[in-house]
Amino acid sequence: MSFSNPLALALLLAIPYFIWLGWPRVAYRRRRDLASLLLRLVLVVLLVLGLAGLQVVQAADKLAVVFLIDESDSIDQAARDQAQKYVRDAMSKMSLEDRAGVVVFGKNALVDHPVSVGKDPGTIASAPVRLDTNIAGAIRLGLAMFPTDTARRLVILSDGVETTGNAIEAARLAAATNVQIDVVPLQRKVGPEVLVSDVRLPTTVNQGQTFDLGITVQSQVDTTADLTVLSAGTVIQTKRVDLKSGTNNFVLSLSAPRQGFTDFQVRVDPPGQSDTFYQNNELSGFSEITGPPRILLISQKPEEIAALLPALQQQGIAVDVQGPNDLPIGLSPLAAYKSVVLANVSATELSEQRMRVLQTYVRDLGGGLVVIGGPDSYGAGGYFKTPLEETLPVESRIKDQKRVPKLLMVYVIDRSGSMEAIESGNTVTNLELAKEAARRSIEFLFPQDRAGVLSFDSNPQWLVNIQNVNDRIAVENQMGTLRPGGGTDILAAVTEIAKTVPTDEATLKHVILLTDGGADPTGIVDIVKKMNSQYGITVTAIGIGSQVPPFMKDIAIAGRGIYYNVTATANLPQIFTADTVIATRSYIIENEITPGQSANSPIMQGITAVPTLLGYVATTAKDTATVILRAPGFDDPLLATWQYGLGRAVAWTSDATTRWGRNWTNWAEFGRFWSQVIRYTITDATTNRVDARVEQRNGQSVLVVEARDDNGGLLNSMNLDASVIDPKLKAQTIKLQQVAPGRYEATFDPQSEGAYFLRIGGTGAPGTQIAVAQTAGWVLSYSPEYRLRDTNINLLDDLTRLTSGRVITDKPELAFDHTIRETLAATSLWPWLLLIAILLLPLDIAVRRIMLTQSDVRRAVNWGRDRLGIGQRSPLPALAASERITRLRDAKERATTAAATPAALTPTPAEPVSDFNRFRIERDLVESPAPEALPAMPKVVVPPPTPSAAAKPSAPPSAESSSTEESAPAAGSLAARLLDKRKTRGD
């Protein structure tokens, strides 16, 4: 026996205290109190032993086996079926006391069948990640599944090719816990295979330079294949090659396309019958293409950059000009530029994906962004609640409600059945996009503004009655009930608007009409024209698709609104908010102002005065932004900057044309000003103090950074962070820790194959002026799981050798062979100790509280005999009981008579008999050894009092006599005799 918590045995030291506390102190209860004390001591000992974890240790003859089945991609279906059949055959040989469980594993390990006595594992239902093989993870999970009272064995069914983890270390852990590992080698997937095994290119290349790209392709058969090279998703070269069985090397000559970190992806496309895995047909590489810094200038109209472009070129800045639809969607081509400039670009001209790429470029890659205003930018350009607004240092909405007149917005939304269509590239219907657009527009309004939503098909229906928008949630909930209906009757909807909107109290009234289908135009334009001319109601018409009837444009003209022909329905929210801003007539300020400088900045270096402006777009500066130039009056920001993630963003709310900046385009410092704005956003021009690379260690990716100063010395105590951007533009920030002089590391878990961008930045120790920033690239190639490798018999043999295991191929019966040395299993006894204590507790209470006499026992025996109908009744001690009961009755009568007689009629004072005294008398009589021991108790007859005696007043007793009567009972009384008897028994 042993104890799991031996410290609890110290509680046994309290037993002497329990003995002293429960030792009998009354003679007539000594036997019962001793029995109760003994029971209580037994209870205490049982509870202490239970708390101490008393357990019985004995040899276990039971065996538990956990099967670890490799389900990675290197195991084909035939091998998987073979492994499952092996497990079923082995489990059929289990004895009644044996147990078995099943774990399937790839990159991760999953329990498919918990350890139990069942002999049927069933069909494998678990699906691990199959792109890697982690034998170590499977071993650790199997060890955690074993019960404690059995001998233990692991059976691994695998090809032994581990691509992550350390199986040898896990096997050592199994050996330390007396777990044996047996193995069943499985054959790797066989068949013709073609793969790209290596891509070689220079680390640094000058822009425009021709360089060689080395490619290694391995093939198991002679075949032909197409070799394709891509950069940023664009094909730059393709070639048909002949592949021989074995290793094939090729060299392609390429020209460096653009600056920055550029990825080159090599893809081989063999015939279908010549390949097994598609995952290993692609491999990428990175190269840094250097040259003078370049920026990307985005503009929809040439006149927006007519003055800006030559000014930048004269300042020595290389500029590429593209339209909004040409803004790169991928991060790799955008990383070639140090900064991006948007000149009066509306959010409706940029897709959501492009804005998110631009946000990632600034925040996570450290790029620069400059947004130049104009009538199509900021709030008027639909920036509200977009990724672009999140990136900028200003908000599109004015916070001062007094500047904006009270506005009524009515949204007239077509809910015909055709609005359930889903445009290409979208995942939701046009109707849902329209609802989201209306929600965003309402969110832009102030609480005192008013809004209403009218839906129509064949009949108009107010979805949201015209009301204040102070309860936005209620309005949005009502809007959420919009469902598709039948036909399209625009006239009925416009007629309803003409009856309701003119009488509203709002200062400005604006209607947005949205439809995707045609209708009878008769009377529609006339009603809209009348609403505008008589009540000042403006109407914007939005037509979805390419089949919009021509009269929709006429509606916008008649209502003095804007006409939108929307083919990209994903831009509907930006269109609604932009139209809402225009309807307020308060965001575009057009009058001559003189900007005032409110903060110092490198942008204003060497500039002491600036010309006047003729207009700007009103915005609100964010809390952490730096406002360098402000407009007088409302203090609206004209030039604002801030640090956004790793990059910088600049907002200029006026334009760079002769429309508002006529005096600026003729200004001598115009080129210098914009050159300093753009150079301010370029953060890594002189910060090449770090060298970053990624290493693979035990299946983990480790970012290694070496930091040096300008003289090559190691930089210590740096505060470094890294932003890792995966091929899907998902970024994660990791903290680097110093592990050696000048060396910093951090571990991360890449999830997608392809090109990764790494942005490292930080500062030196406190008190230093050191700052570093560097961008690097890294490629996660396909898993080693898909390389050409044979079954790793050596690793499987090492696992068996470390744990005294065996190779049991084709011998499933050996899996449950009881050859493992006996394991000592401990069985805890505390449940039984607690049960015994619970059963003894009522007995202890009974001994202390219940008194059984010989008569009670005989009555119980007689009752049992009567019930069973056997034997004769045992005679009760009638005589003795009758004599004792008689005495008790006599004593009760005397005591009752004495208590009932009035004091004035009692000839002699008598001791009153209370209920407590009566109980003591009865108890002493019952517990006396024998009736004969009591002295004769003659009856005391109290004569009735005579009238003369009752009338004669008695003399007051003297003090002496009173004292004597109170101290002792009268001689010969019942109380006196009982007292004498007690004294006699006490002696």
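Residues numbered from 1 in each chain as written. Predicted model: local features only at pLDDT ≥ 70, side-chain atom pairs only at ≥ 80, totals over all residues. Heavy atoms only, no water.

### Observations regarding empty space enclosed by the protein
Okay, step 1: Counted by the stated rule, this structure contains five cavities of 30 Å³ or more.
Okay, step 2: Each pocket or cavity is described by its volume, and for the largest cavity that value is around 70 Å³.
Okay, step 3: Lining of the largest cavity is provided by Ile 69, Gln 84, Val 87, Arg 88, Val 102, Asp 112, His 113, Pro 121, Gly 122 and Ile 124.
Okay, step 4: Elements with a contribution of two residues or more to the lining of the largest cavity: helix 3 (77–91) and strand 5 (109–116).
Okay, step 5: Of the residues in the lining of the largest cavity, the class split is five nonpolar, three polar and two charged.
Okay, step 6: Of the volumes computed, that of the second largest cavity is approximately 50 Å³.
Okay, step 7: Taken together, Val 412, Val 494, Ile 497, Val 511, Leu 513, Val 528, Met 531, Val 539 and Ile 555 form the lining of the second largest cavity. (1 Å grid on protein atoms, 1.4 Å probe; cavity = no way out; pocket = protein on both sides within 12 Å on 5 of 7 lines; lining within 4 Å. Points joined across faces, edges and corners; volume = space filled by probe spheres on them. Helix = DSSP H or I, 4+ residues; strand = E, 2+ residues; numbered from the N terminus. Nonpolar A, V, L, I, M, F, W, Y, C, P; charged D, E, K, R; others polar.)

### Considering the environment of Thr 657
Okay, step 1: Of note, Thr 657 is situated in the loop between strand 33 (647–652) and helix 16 (662–665).
Okay, step 2: Note: C-alpha distance between Thr 657 and Glu 303 (354 residues apart in sequence) is 7.2 Å.
Okay, step 3: Apart from residues lying up to four places away in sequence, Thr 657 is in contact with Glu 303, Glu 304, Arg 662 and Thr 665.
Okay, step 4: There is a polar contact of 3.2 Å between the side chain of Thr 657 and the backbone nitrogen of Arg 659. (Contact = heavy atoms within 4.5 Å. Polar contact = N/O pair within 3.5 Å; in protein donor to acceptor, adjacent residues only side chain to side chain.)

### So, the packing of helix 5 (residues 167–176) against helix 18 (residues 793–802)
Okay, step 1: The geometry of helix 5 relative to helix 18 is characterised by a closest axis approach of 9 Å and an angle of 20° between their N-to-C directions. Here helix 5 is positioned roughly parallel relative to helix 18, judged by the angle of their axes. Note on packing geometry: the crossing formed by helix 5 with helix 18 is right-handed. Here Ala 167, Ile 168, Ala 171, Arg 172 and Ala 175 of helix 5 come into contact with helix 18, specifically with Leu 795, Asp 798, Leu 799 and Leu 802.
Okay, step 2: Residue composition of the contact of helix 5 with helix 18, by class: seven nonpolar, no polar and two charged. (Axes fitted to C-alpha atoms, helices over the stretch in contact; angles between N-to-C directions. Parallel < 35°, antiparallel > 145°, perpendicular 65-115°, else oblique. Left-handed = near helix turned anticlockwise from the far one by under 90°.)

### Section: the packing of aromatic side chains
Okay, step 1: One pass over the full model with this rule turns up 20 aromatic pairs.
Okay, step 2: Judged by centre distance (5.1 Å) and plane angle (85°), the ring pair of Phe 384 and Phe 444 falls under edge-to-face. A residue pair is termed long-range when its members are at least 10 positions apart, and Phe 384 in the loop between strand 19 (368–372) and helix 9 (387–391) and Phe 444 in helix 10 (residues 430–444) qualify at 60 residues.
Okay, step 3: Exposure remark for Phe 444: the relative accessible area of 2% places this residue in the buried category.
Okay, step 4: Ring pairs connect the aromatic residues Trp 652, Trp 664, Trp 667, Phe 673 and Trp 674, which therefore count as one cluster.
Okay, step 5: The ring of Phe 634 has Arg 403 lying over it, and the distance from NZ or CZ to the ring centre is 3.8 Å.
Okay, step 6: A cation over an aromatic ring shows up here: Arg 648 above the ring of Tyr 680, its NZ or CZ 4.7 Å from the ring centre. (Phe/Tyr/Trp six-rings, centres within 6.5 Å; stacked < 30°, edge-to-face > 60°. Buried < 20%, exposed > 50% of the residue type's maximum accessible area, 1.4 Å probe, protein only. Lys NZ or Arg CZ within 6 Å of the ring centre and 35° of its normal.)

### Quick notes on the sheet that holds strand 39 (residues 743–748)
Okay, step 1: Across the sheet, which stays open at both edges, the four strands sit in the order 34-35-39-38 with antiparallel pairing between neighbours. Of all strands in the sheet, those bounded by a partner on one side alone are strand 34 (690–697) and strand 38 (737–740). Within the sheet, the average angular offset between the axes of one strand and its neighbour, ignoring direction, is 35°.
Okay, step 2: Sheet analysis places strand 38 next to strand 39, joined by three bridges and oriented antiparallel. Pairing of Gln 737 across the sheet is with Glu 745, part of strand 39. (Pairing = 2+ DSSP bridges.)

### Digging into the confidence of the model for the protein chain
It should be kept in mind that the predicted coordinates are not to be read in detail where pLDDT is low.
Okay, step 1: In the predicted model, the protein chain carries a mean pLDDT of 82, and 86% of its residues have values of at least 70.
Okay, step 2: Predicted confidence for residues 903–911 stays below pLDDT 50, and this span has seven contacts to residues more than four positions away or in other chains.
Okay, step 3: pLDDT under 50 marks residues 926–942. Its contacts with residues more than four places away, or in other chains, come to 20 contacts. (pLDDT = per-residue confidence, 0-100.)

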